[in-house]
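Single-letter residue listing:
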Amino acid sequence: MEETQVRKFQKDLNGGLVALVLLAVLAATQEDLYGYEIAKRLQKANEGEALFKEGTVYPVLRALSAAGLLTSRIVPSYSGPPRRYYRVTEEGRAMLRQYRDVWRQTRDFVDRFIEAGITP
Amino acid sequence: MTPAAPRSIDAYLKQLQAALADQDPSLIQDAAYDAEEYLRAEIAAHPDKSEADVLELIASTYGAPEEVAAAYRETEAKVKAALHAPTPQAAHTPGLLQRFFSVYSDPRSYTSLFFMLLALATGIAYFLIAVVGIALSLGLATLIIGIPFFLAFIGVVRVISLGEGRLIEAMTGERMPRRPVHPGPAMGLWAGIGAMLKDSRTWTTLAYFILMLPLGIAYFVIAVVGLSVGLSCIFAPLAGVLEHVGLVHASLSIEPAWLAATLPLGVVAILGIVVLTTVMHVARGVGRMHARIAKRLLVNPS
C-alpha cells in the first residue's frame, strides 16, 4: 500500500519534469540524439532505481516535437527501424530557461516547508 | 488480469497494440514504432543475451506494455488539447443563418478548400507513380533488377503515404501517423517480399494513389467552379457600378440571359454569397470525408 502511494507520488511529479529533463539533456549536447540514447543517458545518470520508465520518454519527445520545442530527422539504422534523431530548437532553449526558473522556485518553496516539517 | 510478460519483440508489440486498442490507429502505429526502435537497440546493445533474456528485463527499464500504453494515452490527450483548439461553440444555440455563416470562422474550411485545389496536382503525381511503378514492377519481374526496383517502389510509396498523411492532418485535423510504418521483424529477402505482397496495406495504399486521380479532378473542379461562380456573382454589382460611371469599358454580360433580365445585380450578389458559403461547407465536408477515406486506406487497421 505504502509502496504504491510512493510510486503514484513519483509518477505525478514526473508529469512535467520529464519534459524539463529531456530539454536539458538535448540542450546540453552538440550532437543529435535518438530516443534510445536519451533513455540510456538518463538511466546511467541515476545510479539507483530509475525514476521513470524509459518508455515514457518517447511520447514526451513526440509531444515536445509537436509543440516546436524540438526538431527531428529520420536516419536509417542497421539494428532496426529508422531512428528519429532530436535536436532542441531556439524556442526550446528559451522554454528551458523558463522551465528552469519555475523549477527552482518550486524546489525552494517546497524545501522550505519540508525542512521545517521533518524533525530528525 | 495482466497477460504473461512478453518474451519476444513481436509479442511485446502485440501486447502494446492490444493495450492501445481503443486508441486512434495512428497513435498505435507511432507507439509500436517507438517501442520497436528501443527494443531492437536494446537487443543490439546486449549481443551476449538472447531476445527472451533481454525482454525479461524490459518491464523494469522501458516499462511493461500497459505502462507504456498509459503514457501514450496521457501524452496524446495533452497534445491533442494543445494542438487542436476546440472548435468555437456559441454559448446559446445559434440560429440557422448564424450556423450557415459560421463556416467562415472555421480554419478547416479554408485548409480543406486549399487541399481540394492541391488534390489535382498530387492526384496526378500519385496516379503516375502507382501506375508506372506497378507496370515496371510487373515488366521487370523476370529480370534481376525487378526485385530492387519493386523494393524501392514500395519504399517510395510508403514515404509518400506518410507525407500525404501529414498533409491531411494539417489540412483536416484528422490524426494520422507521425512515424513510417515499422518494417516488422527482420526476415530474408524473399520472405520480406512475400510479406509486402501479403500486407493488405500495400494494396490499399496503391488503391488510394490510383483513386486520387479521379478524386483530385473532382475536388479541383468543384472548388474552381464554386469559387469562380460565387466570387463573380458577388462582384457583379461592383462591376456594374464601375461600368456605369465609365471606369471600365468591359461589356458586362450575365449568362443565362433570363437571370440578367429578371434579377437586379444586388440579388445576384446575394446569390453569390450563398454559393460561396455553400462551397465552404462543401469543402469542409469533403475534407472530413477524404480524411476518412485516407485513414481507411493508408493507416493499418490493426
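Structure first, text after, so check above.
Residues numbered from 1 in each chain as written. Chains lettered and ligands numbered in written order. Predicted model: local features only at pLDDT ≥ 70, side-chain atom pairs only at ≥ 80, totals over all residues. Heavy atoms only, no water.

Caption draft 1: Quick peek at the nonpolar core. Ranked by size, the top nonpolar core spans 34 residues in total, and within it B:L113, B:M116, B:I168, B:Y208, B:F209 and B:Y219 carry the most contacts. Once residues lying within four places of it in the same chain are set aside, the contact partners of B:Y219 are B:F115, B:M116, B:A119, B:V286, B:M289 and B:H290. (Core = buried A, V, L, I, M, F, W, Y, C linked by side-chain atoms within 4.5 Å. Buried < 20%, exposed > 50% of the residue type's maximum accessible area, 1.4 Å probe, protein only. Contact = heavy atoms within 4.5 Å.)

Caption draft 2: The sheet that holds strand β3 (residues 83–88) of chain A, seen in detail. All names here are of chain A. Read from one edge of the open sheet, 3 strands run β1-β3-β2, paired in antiparallel fashion. Where the open sheet ends on each side, the last strands, each with one partner, are β1 (33–34) and β2 (70–75). In this structure, β1 lies alongside β3, joined through 2 bridges in antiparallel fashion. In the strand pairing of β3, L33 is matched with Y86. (Pairing = 2+ DSSP bridges. Helix = DSSP H or I, 4+ residues; strand = E, 2+ residues; numbered from the N terminus.)

Caption draft 3: A nonpolar patch on the surface, seen in detail. There is a patch of nonpolar side chains on the surface, built from A:F109, A:V110, A:F113, A:I114 and A:I118 and spanning about 500 Å² of accessible area. Tracing the sequence through the fold places A:V110 in helix α4 (residues 90–117). (Patch = residues over 30% accessible without salt bridge, like charges linked within 9 Å, V, L, I, M, F, W, Y side chains within 5 Å. Areas by Shrake-Rupley, 256 points an atom, 1.4 Å probe, with all protein chains shown as cover. Salt bridge = Lys/Arg side-chain N within 4 Å of Asp/Glu carboxyl O.)

Caption draft 4: Expanded view of helix α9 (residues 200–234) of chain B. Taking 1.5 Å of rise per residue, 35 residues should cover 51 Å, and α9(B) covers 48 Å from first to last C-alpha, within 8% of that figure. Along α9(B), the largest kink reaches about 35° and is centred on B:M212; proline B:P214 follows within four residues of it. (Expected span 1.5 Å × (residues − 1). Bend = angle between axes of the 7 residues up to and from the residue.)

Caption draft 5: Molecular detail of the pattern of salt bridges. Residue and element names in this part refer to chain B. The full count for this structure, using the stated rule, is 18 salt bridges over all chains. Taking the shortest distance from any N to any O, the salt bridge between D24 and K295 comes out at 2.8 Å. Here the residue D24 occupies a position in the loop between α1 (9–19) and α2 (25–45), and K295 occupies one in helix α12 (residues 265–298), the gap between them amounting to 271 residues. Exposure remark for D24: the relative accessible area of 22% places this residue in the partly exposed category. Judged by relative accessible area, which is 13%, K295 ranks as buried.

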